[in-house]
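Below, each chain spelled out in residue letters.
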Amino acid sequence: MHSKDTPLLVAQNDDVVCIKVKGRATVKTSVPLKAIIEERRARGIIHYILILDECLVMDSTFLGVLANQAFELVEDGDPKGSIQLLNPNERLQGLLDNLGVLELFHVVHQNISSNQEPYKAEGESLYSGSKTEMTKISLNAHRALIALNPANEDKFKDVTRFLEDELNRQENSSPANTEAQ
């Protein structure tokens, strides 16, 4: 994934990571989001701000990855970490609410000056995923949305079934299996 392909920009100040999401947040954007947060969490960083004033829409995979990361930060009922959503539009906030995961986030609306923040695209090539990895992330994201709110099962049962079948197909069409045919 080249920097022009990713709408994620990152800035870090001490123990807070700011991630600016531009354009459409999709399954392809989920791979770097998950990697950025998991890498920082491994280093003990537990506070994140997603700046969403330029984010048009999030697909269900991105929402699922984001919700799962937020849940993992507070899973024991201990507010040890947080993900703050800065300036989500009404549509994004409505999607999170409709999926029953809005309460996992701190939503803040305020004016910000993006010229003063030192954002940079970082290591996108490290975060690009294969088709199989993106399928796994998408499947796990949808499973997380169902686990976090069982009412989502009806919304995503066909998607999860499709992703399970697709993952099985991808894993069974490895080069070794292809050569045997």
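These figures come from a predicted structure and were not determined experimentally. As a convention, each chain's residues are numbered from 1 in the sequence order in which they are written. Totals for whole chains, interfaces and linings use all residues, but because this is a predicted model, local features are given only for residues with pLDDT of at least 70 and pairs of side-chain atoms are given and counted only at 80 or more. Each side-chain value is worked out from all heavy atoms of the structure, with water and hydrogens disregarded.

Caption draft 1: Looking closely at the pairing of strand E1 (residues 8–13). For two strands to count as paired, DSSP must find a minimum of two bridges between them. Strands here are runs of E lasting at least two residues and helices are runs of H or I lasting at least four, both read from the DSSP assignment and numbered beginning at the N terminus. With six bridges connecting them, E1 and strand E2 (residues 16–25) associate as antiparallel partners. Residue pairing across strands places alanine 11 opposite cysteine 18, the latter belonging to E2.

Caption draft 2: Up close: the packing of helix H5 (residues 131–148) against helix H6 (residues 153–172). Put simply, H5 and H6 touch, their axes get as near as 9 Å, and they point 155° apart. On the basis of the axis angle, H5 is roughly antiparallel to H6. In this structure, H5 meets H6 at a crossing whose hand is left-handed. Side by side, H5 and H6 meet where Lys131, Thr132, Thr135, Lys136, Ser138, Leu139, His142, Arg143, Leu145 and Ile146 of the first sit next to Glu153, Phe156, Val159, Thr160, Leu163, Glu164, Glu166, Leu167, Arg169, Gln170 and Glu171 of the second. Just so you know the grouping, Ala, Val, Leu, Ile, Met, Phe, Trp, Tyr, Cys and Pro go in nonpolar, Asp, Glu, Lys and Arg go in charged, and all remaining residues, Gly too, go in polar. Grouping the amino acids of the contact of H5 with H6 by side-chain chemistry returns seven nonpolar, six polar and eight charged. Note on geometry: axes are C-alpha line fits, over the in-contact stretch for helices, and angles between N-to-C directions span 0 to 180 degrees. These descriptions rest on fixed angle ranges, namely under 35 degrees for roughly parallel, over 145 for roughly antiparallel, 65 to 115 for roughly perpendicular, and the rest for oblique. In this scheme, a crossing is called left-handed if the near helix is turned counterclockwise away from the far one by less than a right angle; it is called right-handed if the turn is clockwise. Contacts: residue pairs with any heavy atoms within 4.5 Å of one another.

Caption draft 3: Highlighting the environment of leucine 99. Along the polypeptide, leucine 99 turns up in the loop between helix H3 (90–98) and strand E5 (106–108). Working definition: with a 1.4 Å probe on protein chains only, accessible area under 20% of the residue-type maximum means buried, over 50% means exposed, and in between means partly exposed. On the basis of relative accessibility, which here comes to 5%, the residue leucine 99 falls in the buried class. When the C-alpha atoms of leucine 99 and asparagine 149 are compared, they prove to be 7.1 Å apart, with 50 residues separating the residues in sequence. The residues touching leucine 99, leaving out its near neighbours within four places in the chain, are Leu63, Leu145, Asn149, Asn152, Lys155 and Phe156.

Caption draft 4: Representation of the confidence of the model for the protein. pLDDT runs from 0 to 100 and stands for how confident the predictor is about each residue. Mean pLDDT over the protein: 84, with 81% of residues reaching 70 or higher. Segment residues 1–5: pLDDT under 50, and eight contacts once partners within four positions in sequence are set aside and those in other chains are kept. A low-confidence stretch, residues 177–181 stays under pLDDT 50, and its non-local contacts, those more than four residues away or across chains, total three contacts.

Caption draft 5: Spotlight on the packing of helix H1 (residues 27–42) against helix H2 (residues 60–74). Packing of H1 against H2 leaves a shortest axis separation of 8 Å and a crossing angle of 15°. As the angle between them shows, H1 and H2 are arranged roughly parallel. When the axes of H1 and H2 are compared, the crossing they make is right-handed. Residues Val27, Thr29, Ser30, Leu33, Lys34, Ile37, Glu38 and Arg41 of H1 lie in contact with H2, whose contacting residues are Thr61, Phe62, Val65, Leu66, Gln69, Glu72 and Leu73. When its residues are assigned to classes, the contact of H1 with H2 shows seven nonpolar, four polar and four charged.

Caption draft 6: Molecular detail of the sheet that holds strand E4 (residues 82–86). The sheet built from five strands is open, its strands ordered E1-E2-E3-E4-E5 with mixed pairing. Looking at strand neighbours, the two that pair on one side only are E1 and E5, the edges of this open sheet. Shown here is a sheet whose adjacent strand axes are inclined to one another by a mean of 20°, direction ignored. The sheet contact formed by E4 and E5 spans three bridges and is parallel. From the neighbouring strand, glutamine 84 faces E5, where its bridge partner is histidine 106. The strands that H1 touches are E1, E2, strand E3 (47–58) and E4; relative to E1, the one it contacts most, it runs at about 15°.

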